[in-house]
Every structure is written in C-alpha cells, then in structure tokens.
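# Residue-level structural notes
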Amino acid sequence: MTNDTHETQRFHAEYKVIGGKLVVADVETDGKTITEVKISGDFFLEPEEAYFDLAPALVGASVTADNANLRQRLDAALAGYGSELAMHGFSTSDIATVVRRALGSAANFTDFDWQVIRGQVLPTQVNVALDQVLLEEVAAGRRKPTLRFWEWDDTATVIGAFQSYVNELRPEGVEKYGVQVVRRISGGGAMFMEGGNCITYSMFVPPSLVAGLDYEESYVFLDQWVLAALKSLGVEAFYKPINDISSTGGKIGGAAQKRLRDGTLLHHATMSYDIDADKMVEVLRIGEAKISDKGVSSAKKRVDPLRSQTGEARKDIIDVMANTFADRYGANFDTFTADELDKAQALVDEKFGTEKWTHRVP
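Residues numbered from 1 in each chain as written. Predicted model: local features only at pLDDT ≥ 70, side-chain atom pairs only at ≥ 80, totals over all residues. Heavy atoms only, no water.

Our focus in this paragraph is unusual backbone geometry. Residue Glu46 is joined to Pro47 through a cis peptide bond whose omega torsion reads -5°. Here the amide bond leading from Pro241 into Ile242 is cis, since omega sits at 0°, within 30 degrees of zero. Positioned with a positive phi, Ser105 is a non-glycine residue whose angle comes to about 50°. For Ser105, the position within the fold is in the loop between helix H3 (92-103) and strand S6 (115-118). (Helix = DSSP H or I, 4+ residues; strand = E, 2+ residues; numbered from the N terminus.)

With that settled, the discussion passes to the nonpolar core. Of all hydrophobic cores here, the largest spans 73 residues; its most connected members are Val99 and Met321. Looking at this core element by element, the count peaks at seven residues for helix H12 (residues 314-329). Not counting the four nearest positions on each side in its chain, Met321 is found in contact with Phe149, Ile199, Trp225, Val226, Ala229, Leu230, Met271 and Leu306. Formed by 26 residues, the second largest nonpolar core is a distinct cluster that contains Val128, Leu135, Met191 and Cys198. (Core = buried A, V, L, I, M, F, W, Y, C linked by side-chain atoms within 4.5 Å. Buried < 20%, exposed > 50% of the residue type's maximum accessible area, 1.4 Å probe, protein only. Contact = heavy atoms within 4.5 Å.)

Read from one edge of the open sheet, eight strands run S12-S13-S14-S15-S11-S7-S6-S16, paired in mixed fashion. If you trace the sheet from one side to the other, it starts and ends with strand S12 (237-240) and strand S16 (332-334), each paired once. Taken pair by pair, the neighbouring strands of this sheet meet at an average axis angle of 25°, ignoring direction. Bridge count between S6 and strand S7 (residues 146-149): four bridges; the pairing is parallel. Along S7, the bridge assignment pairs Ile117 with Arg148. The strands touched by helix H7 (residues 215-222) are strand S11 (198-205), S12, strand S14 (250-259) and strand S15 (265-272); relative to S14, the strand with the most contacts, the crossing angle is about 120°. (Pairing = 2+ DSSP bridges. Axes fitted to C-alpha atoms, helices over the stretch in contact; angles between N-to-C directions.)

A word on the packing of helix H4 (residues 124-140) against helix H13 (residues 338-352). Helix packing for two helices is described by the angle between their axes and how far apart those axes are. Look at H4 against H13: their axes get within 8 Å of each other, and the N-to-C directions meet at 115°. Like other packed secondary-structure pairs, H4 and H13 cross with a definite hand, here right-handed. For the pair H4 and H13, the contacting residues are Gln125, Val126, Val128, Ala129, Leu130, Gln132, Val133, Leu134 and Glu137 in the first and Glu340, Leu341, Lys343, Ala344, Gln345, Leu347, Val348, Lys351 and Phe352 in the second. Grouping the amino acids of the contact of H4 with H13 by side-chain chemistry returns 11 nonpolar, three polar and four charged. (Left-handed = near helix turned anticlockwise from the far one by under 90°. Nonpolar A, V, L, I, M, F, W, Y, C, P; charged D, E, K, R; others polar.)

Turning our attention to the packing of aromatic side chains. Summed over the entire model, instances satisfying the criterion amount to 15 aromatic pairs. A ring pair is formed by Phe43 and Phe90, whose centres lie 4.1 Å apart and whose planes are at 20°; its orientation type is stacked. Highlighted residues: Phe43 in the loop between strand S3 (34-41) and strand S4 (44-46) and Phe90 in the loop between strand S5 (86-88) and H3, separated in sequence by 47 residues. Just as Phe43 is buried, Phe90 falls in that class too. Measuring from centroid to centroid gives 6.3 Å for Phe109 and Phe325, while their planes differ by 85°, and the two rings are edge-to-face. Of this pair, Phe109 sits in the loop between H3 and S6 while Phe325 is found in helix H12, placing the two residues 216 residues apart along the sequence. By relative accessible area, which is 5% here, Phe109 ends up buried. Pairwise contacts between aromatic rings join Phe109, Phe112, Trp114, Phe149, Tyr201, Phe221, Trp225, Phe325 and Tyr329 into one cluster. Stacked on the ring of Phe149, the Lys or Arg Arg118 has its end atom at 6.0 Å from the ring centre. The side chain of Lys351 reaches across the aromatic face of Trp357, ending 4.4 Å from its centre. (Phe/Tyr/Trp six-rings, centres within 6.5 Å; stacked < 30°, edge-to-face > 60°. Lys NZ or Arg CZ within 6 Å of the ring centre and 35° of its normal.)

So this is what it looks like as structure tokens:
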C-alpha cells in the first residue's frame, strides 16, 4: 500500500509594499499544495470580514502557482464584497507576491553580509568587465553580495547587450569626441558616460533575495535604498515601469539586469548628474519611437541631472547613497582584489575590448 502522506513544510516571508504597508505570510504545505496560510501585516482592509476570506482562498493552490494564479484566487474570494471592499497599503497582487516569496524561501537584505566598494578610477572597459567578474565571483561564493560604485575619467558609451551598434551610435560623433564604445552583458539602453557626468552603481545579488519577485518587481525592490537616499537629498524619486528612475523634476536614469542560470543577479543603474545633452545627441541616435513613448519631444528634455535637483557635488551624492545602503543593511566597505582586477583586464583583452564583441549586433 502506497503511503501518500507528506511531511508538513513551513515557510515565512515579509514584504514591504513599495509606497505601502508590510504584508507577512506564514505558509504550510504538504510539498505539493498549500495546506494552511496566515496573512498578517499593518495594512488596512474593509470590511473586516474580508480578512478572513484571504487565507482560505489560497489553500489548495499549487506550491508552484504564479502571481496571476494566486491573485485570481484572492480576487474571486473577495468579489462578493463589491464596492464595499477597500484595501489600503496593499493589494491582492502583494499578497500573492509575499506568498511566492515565502514558498521560494526568500531572504531579506539584512540576511547577507554586504560589501560596498567605492572603486578607484578605471577605464570604462574594465568597469564593464568587472560586472561580469564580480557576478561570477558572487555566484561561486568567492565574494559576498556586493554593491559597487563606478569611477572613470574617459568618454564612453556603454550599449546594451542586444542593441545594434549602427542603430545606436553616430559614427561622426564617436570619432569627433574620441568615444570609447563598450558593450555590456546586460540588456537595456545606451549610456553616455563622461568622467563625472553621471552616477553608476552595480549590485551583485544572491538568487534568494529576489525569490518570488517577477522581473518588474525586482527592479523596484532592489532600488528602494536608492530612492530613500535621493529623498534625503530632497529628490522625490520613483520608478516608472519597467526600469526608469524618475522624479517630480523629470527622468534621472535607468537600470538594467543580467541573471546567470543559477539566478545570481547583476542589477545596475546609471543616473545623470551633469550630462552635456548637446554632445550626447551628437554621439547617440536616440530614436523617435523611444522619445515618443516617454511623452517628450526631444532627447534633451529627458536629461534631468541630479546636480540641478540637489545642488550637491557628485561625490557627496555618492557618499549619501553608499552610507544609506550601509546603514540600512549593515554593509562593510571593501575593495577589489588583485585577482578580480586581473580577471577583468583579461576579459577586456578577450571580450570587451574586441571588435567581435562590440559589434556582435552590427
């Protein structure tokens, strides 16, 4: 006779809704389906009776159910309340997210021993190569989860992994200004980078930190410390899906990601500080389609430097960002190892400095 009993598994996760409240899930399963759930938090829900319909709606769901499936169960359970239903500081999607994070054994930032690197000035090719090196080092367990800030003094354009070289760049502008063109390993758009004109950082993230989050959610989740740092500088910053960091004063920058097969994640962002917009549009072909979907008439209007919004020196802004991260998550300050720098230089020689890689999408 087959024994179909399964050992009870218990999971816990907490999720702070962006701009909202804390939602907590305690979940039990038999290994295949959810058998018991407790949802709690500091949210507001009316009528009160609706609260007691949340957990039963999730019981019986597969442990592999996605956000859409869990949300559909919750929405169906609450549909009878009609216009009486009021959810403040959270949504059924947020409940689904925290349940998925629980089942994925998600970790919090403070579960890791983070390192922060205020790197020395390096060529842009080396900075791009270091993203691959440090991502692989974190995945292999040779480096702890790390946040690092870029420093460079050359004039460069860093293009996304899948962008067309010809479509993104104006050869006459590249030649005129001696622009170093480098292709990075993550997707996203081109970055025009002169020394001191923008702020760029990279995070190397263990898979468990973003467990249960979909692609779009992970962007906002990973950059909450940035938004907090900017707020302390008087900038009301927020995310515009999928990956734009904006503010009440206009767009500030954008983020991009690269995930290894094991889920280890590179998340990086570049924010404009004091960009020469005239030079930028001589170097980059900023297409009409990209401009029109932002609701603006010219590329120059999309450049809204942090310098004008904060009145602070670039170094001081980075100081605030680095200290905000360290204070929130208990990080220590670190440096690159000699081996990491050697590996990065080798990658420049073999990959990032080659015509084959730079022009891999002609």
